[in-house]
Amino acid sequence: MSEPVLDYDQALLAYEPVMGLEVHVELNTASKMFCGCVNAFGGDPNTHTCPVCLGLPGSLPVVNGKAIESAIRIGLALNCQIATWCRFARKNYFYPDMTKDFQISQYDEPIAFDGYAEVEVDGELFRIEIERAHMEEDAGKSLHVGGVTGRIGGADYSLLDYNRAGTPLIEIVTKPILGAGAKAPQVAKAYVAFLRDLVLSLGVSDARMEQGSLRCDANVSLMPIGATVFGLRTETKNVNSLRSIERALEYEIRRQAALLAGGGTVFQETRHWHEDGAYTTPGRSKSDAEDYRYFPEPDLVPVAPSREWVEELRATLPELPTVRRDRLRREWGFTVLELQDVVNAGALDLIEATVAAGAGAQPARKWWLTELARRANEAGVELAELAITPRQVAGVQALVEAGTLNDKLARQVIDGVLAGEGDPADVVAGRGLAVVSDAGALAAAVDRAIDANPEVAAKVRDGKLAAAGALIGVVMKEMRGQADAARVRALVLEKLG
Amino acid sequence: MNELLRLTAADLADRLASAEVSAREVTQAHLDQIEATDDVVQAFLCTDPERALASASAIDDRRAAGETLGRLAGVPVAVKDIFTYSGLPTTCGSRILEGWLPPYNATITQRLLDADLVILGKTNLDEFAMGSSTENSGYQVTHNPWDVDRIPGGSGGGSAAALAAFQAPLAIGTDTGGSIRQPASVTGTVGVKPTYGGTSRYGVVAMASSLDTPGPCARTVLDAALLHEVIGGWDPRDSTSINAPLPDLVGAARRADVSGLRVGVVREFSGEGYAPGVLQRFHEALSVLESLGAEIVEVSCPHFTYALSAYYLIMPSEVSSNLARFDAMRYGLRVGDDGVRSVEEVMNLTRGAGFGDEVKRRIIIGTYALSSGYYDAYYGSAQKVRTLITRDFEAAFAEVDVLVSPTTPTTAFRIGERADDPLAMYMADLCTIPSNLAGNCAISIPCGVSPQDNLPVGFQVMAPPLADDRLYLVGAALERELSARWGGGILLDQLADSAAGAHLNVARKGR
């Protein structure tokens, strides 16, 4: 399936990639874009529908005000101008999962335009110019049954689910991205990651790429180094993860470079990314591109957000993700890499809350990224979905620092919290897990260990301090783990010193 | 029983309110009249006798129980078959929607039901309201009760003919370029195109969204005002509907006072193409208004001459998009689905069989007008003309309170006469289209029969947006004065009681 490709480094020696990224963000408004149906992922097919989102004859759209608010907030967060007056437009084309055979979108009057975003790759800052962010409605979903490819051509029949039809979408379109060179795919990935974090922090989208609530179409073309005229581009669709964006662009750059280097030309077309084999295949040709016959949507009145409202919305913008991350990294004393791990694990908010509940930043990071990440992974849930709160994690850490728990006991306390046995203190009491702090009991146990292992004790006396570990192990075993190992070690050395 | 058919809706409502007659009797009388005359007139695509009678009985029961009912409670109404009404098919006069049962009610349908009117059935229309003769229906040709060889106007010929044939005292229509007013004009009835946004389009199958305007049809101006107040007003389901209270329409119809009113005669709506008999009656009506104290002045609206051209670009453009959904995928007709043919083939076969010539013509024109590279020259230019026409209206309304013209240049033409000449057909809407482009309101009221052919002539009054009350003020004044001169309403006096109306069997003068 894969076409000839050029070695990546070789490709970049000869060609400069020019990218254009179109990102669709599904908004998480309670209802759909133009009707009162619930806006939710999934559901039994065709249960979240009404005459409006089914496009039944006679039905009319009414704009969801919350969606406009979200669109404006996204625009503001991307440093865009917000239109003082704009209209929806009809994009006319046929597809079975489009109920009206046109999509309500925006054409030459987007709600937000002329913005920018900054992303960092390997410590280098890239500025991405935003051309526009516009509002539109999503289509339904087709399921093509039978046939070889799972696509519409050759299918035995197709099933249509209109639950998604009319979901509010914001499409964010960049201007051509130049100058990233070999880092172009990474820049694209960083940009989409930035958008994901942005819409999450704005609270306007679930931004789950795997569920399609954040989708990226990646346009790329190559021009010889030093040239000023862009080459013919391809648009790769079906790129459903951050990693795929980087890989798909790498593949397209290598494929186009091979074509150009061989004296061929790039065919302007849509291509589909195949995650399994890591290659793209041609889709619809752009040369016979449909004429969408855009015209202003006559069923809707223009949107004219007042400047006062726009400023009110600007005041609601949260600290932007890059700014916040930079602040937290400095406050917590994390390295760039440490913070990146935290972000990638989706633990930033959790750690912030844990620190706010009194824990140190490093212990908080340790609990969430190791012990709790492992449990979340085992359970197949997100970190935030674990049945333990940041306050409880901070509580565990406080008990450790007070000497009540050692690491092993702390893990058992976490087990208890996750099992619904209450707060850490409750679990400690309920399971009797506190370390033995009775000095007499501990000293007696150490004495017994020394008496029972005279040869080991002799080695320690002779200065072979590493041998003390065996004695400590014996004591810990007798105390069923409920002792502070450091304290036991100190006692052993004191008695044999 | 015939006596009930001759009553106005206002009179019927009074007799129903005083329990002189029952809603069931009134409903039955109209159903019987439909039964007796519709073989010839063919105004109805379907009737709903069981539900109509059941709802009439329920209204009678509620009245007997002392409940407060709507002002027109128990009065029957006919609805153009382009409004959804669950339980009855909505065909829009098109084969492509054959068999579609809408699962919801149009806002106006619901308002009729909520106001306790009795819906008799759905009336015929040109397919998707495209036409001026109701010959373009995919199902049947409606005949003009004044002369069954002639057209009842269109697209709302079914609703207008039903009124003229005494099959219903009230009807609902839609007016995109004159589809309420031109049928009213050629059938001797009253038709109102409200201010765009003054009546809800929700549940009205769209022809041209920026022009479509639902409105009332009746035999008297007061009846139209009563019905307008039932159906009009803001609807949150229609974004283009206006959130403002309706003016006092019924009050204006009752006041019927034009003294001191400045009436502007549109200079451009006269001359070649206008039948002498039409102009004669129009000018007589002007004299009547003048005699009632109105001041008549001539006004020029220079861009109105481009209205037809602009309309035949904007309307088909919207049509081409609005009708795209009729693709055989989800509802209505499906032709050639043999399990072998592709989606596109089935769609083509279905549209080929399901759409009539006029609909296809407009889809093709509109698709072309919106195409990349042609948009600016066609759709874009037409929108500019639309703005100029709106400005003409604004300038005129700065000088006068209302504008007037003949509703349509001729009386009812013969069935088949213009069927193969679309441009001649389009001329019927010459005087009505500007109000659709500008979104203002207008009414057509009968101003007598042409001495040339004894067929009704319509008088159009146009008023600024949201000044719908002026239509009723002028219309009712003219109607009162003309009726006094004739010794009764045009339909009773000059149709029902004349030889021409014998087939209607509602004459009072014994024959």
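This is a predicted model, so every value here is computed, not measured. (Residues numbered from 1 in each chain as written. Chains lettered and ligands numbered in written order. Predicted model: local features only at pLDDT ≥ 70, side-chain atom pairs only at ≥ 80, totals over all residues. Heavy atoms only, no water.)

**Observations concerning helix α11 (residues 307-322) of chain B**
Compared with an ideal rise of 1.5 Å per residue, which puts 16 residues at 22 Å, α11(B) spans 22 Å between its outermost C-alpha atoms and is within 8% of the ideal. Burial runs high along α11(B): 15 of the 16 residues are buried. (Helix = DSSP H or I, 4+ residues; strand = E, 2+ residues; numbered from the N terminus. Expected span 1.5 Å × (residues − 1). Buried < 20%, exposed > 50% of the residue type's maximum accessible area, 1.4 Å probe, protein only.)

**What to know about the interface of chain B and chain A**
Listed per partner, the contact involves 39 residues of chain B and 30 residues of chain A. Both sides of the chain B and chain A interface together cover about 2,600 Å² of buried area, and 58% of this is carbon and sulfur. Among the residues of chain B in contact with chain A, B:Ser239, B:Arg325 and B:Arg330 are the three that bury the most area, contributing 23% of the side total. One can count two salt bridges joining chain B with chain A. Among the ionic pairs, A:Asp101 bridges to B:Arg351, the shortest N-O distance being 4.0 Å. In this assembly, chain B and chain A are joined by 14 residue pairs in polar contact (both at pLDDT 80 or more). Those elements giving two or more residues to the side of chain B that touches chain A turn out to be α11 and α12 (343-354) of chain B. Ranked by residues supplied to the side of chain B that touches chain A, first place goes to α11(B) with five residues. (Contact = heavy atoms within 4.5 Å. Buried area = accessible area lost by both parts, 1.4 Å probe. Salt bridge = Lys/Arg side-chain N within 4 Å of Asp/Glu carboxyl O. Polar contact = N/O pair within 3.5 Å; in protein donor to acceptor, adjacent residues only side chain to side chain.)

**Thoughts on the packing of helix α11 (residues 407-418) of chain A against helix α12 (residues 424-431) of chain A**
Residue and element names in this part refer to chain A. Two numbers describe how α11 lies on α12: the axes approach to 9 Å, and their chain directions differ by 105°. It follows that α11 is roughly perpendicular to α12 by the angle criterion. For the pair α11 and α12, contact is made by Gln412, Val413, Asp415, Gly416 and Val417 and by Pro424, Val427, Val428 and Arg431, respectively. Per-class residue counts for the contact of α11 with α12 are five nonpolar, two polar and two charged. (Axes fitted to C-alpha atoms, helices over the stretch in contact; angles between N-to-C directions. Parallel < 35°, antiparallel > 145°, perpendicular 65-115°, else oblique. Nonpolar A, V, L, I, M, F, W, Y, C, P; charged D, E, K, R; others polar.)

**Description of the sheet that holds strand β6 (residues 213-218) of chain B**
All names here are of chain B. Sheet architecture is open: eleven strands sit in the order β1-β3-β2-β4-β6-β5-β10-β11-β9-β7-β8, paired in mixed fashion. Either end of the sheet is taken by a strand with one partner, and the two such strands are β1 (44-47) and β8 (295-299). Sheet twist, expressed as the average angle between the axes of neighbouring strands with direction ignored, equals 30°. The strands touched by helix α8 (residues 221-231) are β4 (170-175), β5 (190-193), β6 and β10 (441-449); relative to β6, the strand with the most contacts, the crossing angle is about 145°. (Pairing = 2+ DSSP bridges.)

Remember that the coordinates give geometry; whether it matters functionally is a separate question.
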